[in-house]
Amino acid sequence: MTHSESLRKAQEAIDKSAPLASKGRFRQHYHFMAPAGWLNDPNGCIWRRGTYHLFYQHNPYAAVWGAMHWGHATSADLLHWQHQPVALAPSEVYDDHPQGGVFSGSIVVDENDALCAFYTATANHGDGFIQTQCMAHSRDGGISFQKYQDNPVIASVPEGISADFRDPRVIRHNGLWYMVLGASLGKGAWHGGEGCACLYRSENLKKWEYCGIIARSEGRYGTMWECPDLFPLDGKWILTFSPMFMGGRKAVYLTGEMDFDVPRFNILGDGEIDWGCEYYAVQSMLDDGGRRILMAWQNGWDWMSWWKDFGPTAQEGWCGCMALPRTVTLDQANKLISKPVCELEMLRKNKKKIVGLKVGTEKISIPCSDPVSFELKMEIDLTQTAAQKLHILLRANTEKYTVVTVDFSTKKLRFDRNNSDDGYSRGIKECDLLLTGSTCIVHLFSDISSIEIFTDEGMTTMSNKVYPLHVNQKTCVWAEGGDAFFKTINTWALGL
Ligand code: FRU
């Protein structure tokens, strides 16, 4: 099948299944989702001429992972997205396989003003999976892509690197093109290999020269680095990736200095972009305002194996959404600060405000004009808070609830979803809090099937899926081991 036939077939499948999927009970209100089928990593995120482009890993044929395509959507504000035709489909000997296809990658604008997409082509000719790096061009602003006739542009794996070699991130620096690839040294991702990032260099985007490994796990960051990104931020360089086999850590960032000549990424600090269960395969883009915006898949690979299926939304004909877009900056201590994009404020409706509230062991209900789809911003006065713990009960009725705990005594943030829904969600996530200063702001976004938290001035974030459908959902707070004092609590209903 030619590429255009393969695209047409994929688009027909989506158009056919979209009406039913759009009625799904778990469909989000203000998070990006594909019209139907499966979605994972953000790909090819780029701002161009007033438009944000989001491409994504997509299976148009079923709400399960398989035969990867690139879906495409555009937006003027990162929140209202318009679905565009499927952009890339498996069609060639190097990228056509039901368990392979057009894997993750990135987009740059070349010197002829064409969008140039780089992706990992995954094929299997009976002797294991082969991952090569390929290119496709669009001369109509990302609507249609032609695969490059001399693909793959990188056909083999550097010495010492296993077959896990993917997710090209192309950037421009000092008049040259560079490509960062996620890889696994030695035995590979599944057999105890060592995660690393490889660098290539090119003058024309077609011929690529291998420069070397810029950073590696050395026992610290997992067996394989998926979806790496490399970008300058506030005078330093940031290298992000999603490590495999690193327990609860899914979205690592390294802060450092990038020497493109050696080449080496000199690590000055590290951290986790998000401590939740679901935040994976981050990709950044720079917009005209100079903002570095992060997009990420609001799911992860772990949760699927718990049920040996693709989760509750798959029965509705769709699976997967993106986390809220965030902007990032770097603080003095080389820590990444994430904030939800300010455009979200445009979605606010029916503000409700409480000023000065003391909370003890009795549960106090927080008014919100939408109990499911809302934003909640709490300013806790630490100077007047003696409590050891503050509990925030979300999407709660008398039987089901999600609990977020700010533990002042141990300086931890905890997210407990063991009782969130009819049994789909499981687990407790916990991470450190700094709790410096006299106030602690807990900023929270609830949508039909997710809850995202930003706290510690944006240094600590958590993105989690929950699937509560029960009636009478409410929000309430109470404290343990003393009183907690809120300077303000603001809530808004959120909707597009
Ligand atoms: C990350 C990932 C990538 C790969 C893609 C396939 O979620 O495993 O490494 O390119 O998904 O869909």
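About the cut-offs
- Residues numbered from 1 in each chain as written.
- Predicted model: local features only at pLDDT ≥ 70, side-chain atom pairs only at ≥ 80, totals over all residues.
- Heavy atoms only, no water.
- Pairing = 2+ DSSP bridges.
- Helix = DSSP H or I, 4+ residues; strand = E, 2+ residues; numbered from the N terminus.
- Axes fitted to C-alpha atoms, helices over the stretch in contact; angles between N-to-C directions.
- Core = buried A, V, L, I, M, F, W, Y, C linked by side-chain atoms within 4.5 Å.
- Buried < 20%, exposed > 50% of the residue type's maximum accessible area, 1.4 Å probe, protein only.
- Contact = heavy atoms within 4.5 Å.
- Domains from an automatic or database assignment.
- Buried area = accessible area lost by both parts, 1.4 Å probe.
- Salt bridge = Lys/Arg side-chain N within 4 Å of Asp/Glu carboxyl O.
- Lys, Arg positive; Asp, Glu negative; His and termini not counted.
- Near = heavy atom within 4 Å.
- Polar contact = N/O pair within 3.5 Å; in protein donor to acceptor, adjacent residues only side chain to side chain.

J.: Is there a simple way to explain the sheet that holds strand 18 (residues 292–297) in this structure?
T.: Spatially, the four strands line up as an open sheet ordered 17-18-20-21, and their pairing is antiparallel. Only two strands of the sheet have a single neighbouring strand rather than two, namely strand 17 (280–286) and strand 21 (336–340). On average, adjacent strands in this sheet sit at an angle of 35 degrees to one another, irrespective of strand direction. By the bridge criterion, five bridges tie strand 17 to strand 18 in an arrangement that is antiparallel.

J.: Mind showing me how you'd approach the nonpolar core here?
T.: One recurring pattern in soluble globular proteins is that nonpolar side chains are buried together. Formed by 39 residues in total, the largest nonpolar core has its most connected members in L376, L390, I392, I453 and F486. The element contributing the most residues to this core is strand 25 (residues 389–396), with five residues. When sequence neighbours within four positions are dropped, the list of residues in contact with I392 reads L376, M378, T402, V403, V404, V442, C476 and V477. L78, M224, W297 and C319 belong to the second-largest nonpolar core, a separate cluster that totals 35 residues.

J.: Before we go on, may I ask you to explain the domain arrangement of the protein chain in this structure?
T.: It is common to give the size of an interface as the accessible area that goes away when the parts come together. Taken domain by domain, the protein chain comprises domain 1 (3–339) and domain 2 (348–494). In this structure, domain 1 and domain 2 have C-alpha centres spaced 31 Å apart. If you look at the interface, domain 1 gives 32 residues, while domain 2 gives 29 residues. Summed over both partners, the interface of domain 1 with domain 2 buries about 2700 Å², with 55% contributed by carbon and sulfur atoms. Three residues stand out in domain 1 for area buried against domain 2, namely F26, Y30 and W275, and they jointly supply 23% of the buried area on that side. At the surface where domain 1 touches domain 2, the tally comes to one salt bridge. Between E278 and R417 there is a salt bridge, with its nearest N and O atoms 3.0 Å apart.

J.: I'm lost on the side chain of K429 in this one. Help?
T.: Looking at where K429 falls in the secondary structure, it is placed in strand 28 (residues 428–432). Buried and unpaired, K429 has E272 as its nearest opposite-charge partner, separated by 6.3 Å. In this structure K429 touches G248, W275, G276, C277, L413, R414, F415, M462 and N464, once residues within four positions along its chain are discounted.

J.: Sorry if this is basic, but what is going on with the site of the ligand here?
T.: By nearness alone, 13 residues border the ligand, and D41, Q57, R166, D167 and E226 come closest of all. Within the side chain of D41, one N or O atom sits 2.7 Å away from an oxygen atom of the ligand. A distance of 3.0 Å separates an oxygen atom of the ligand from a polar side-chain atom of W65. Secondary structure elements with two or more residues in the shell around the ligand: strand 1 (37–48), strand 5 (101–109), strand 9 (161–173) and strand 13 (224–233).

J.: Would you take a moment to explain the pattern of salt bridges for this structure?
T.: A side chain of one charge can pair with a side chain of the opposite charge when the charged atoms of the two come close. Throughout the structure, instances matching the rule amount to 21 salt bridges. R8 is the partner of E12 in a salt bridge, and the nearest nitrogen-oxygen pair spans 3.4 Å. Taken together, the positions of E12 and R8, both in helix 1 (residues 3–21) and four residues apart, correspond to about one turn of that helix. The class of E12 is partly exposed, set by a relative accessible area of 44%. Overall, R8 belongs to the partly exposed group, its relative accessible area being 48%. Salt-bridge contacts for D483 lead to K358; the nearest nitrogen and oxygen are separated by 3.8 Å. Here the residue D483 occupies a position in the loop between strand 32 (474–480) and strand 33 (484–494), and K358 occupies one in strand 22 (residues 348–359), the gap between them amounting to 125 residues. The network of salt bridges with common partners includes R48, R49 and D113.

J.: How should I be thinking about the sheet that holds strand 24 (residues 374–381) in this particular structure?
T.: Sheets are built from strands paired through backbone hydrogen bonds, the pairs being either parallel or antiparallel. With antiparallel pairing, six strands are arranged side by side in an open sheet as 22-33-24-29-30-31. Edge positions in the sheet fall to strand 22 and strand 31 (460–465), since each of these pairs with one other strand and no more. The sheet shows a mean angle of 10 degrees between the axes of neighbouring strands, taken without regard to direction. Two strands pair when backbone bridges link them, and strand 24 and strand 33 are joined in this way by seven bridges, in the antiparallel orientation. The residue bridging F374 from the neighbouring strand is A493, located in strand 33.

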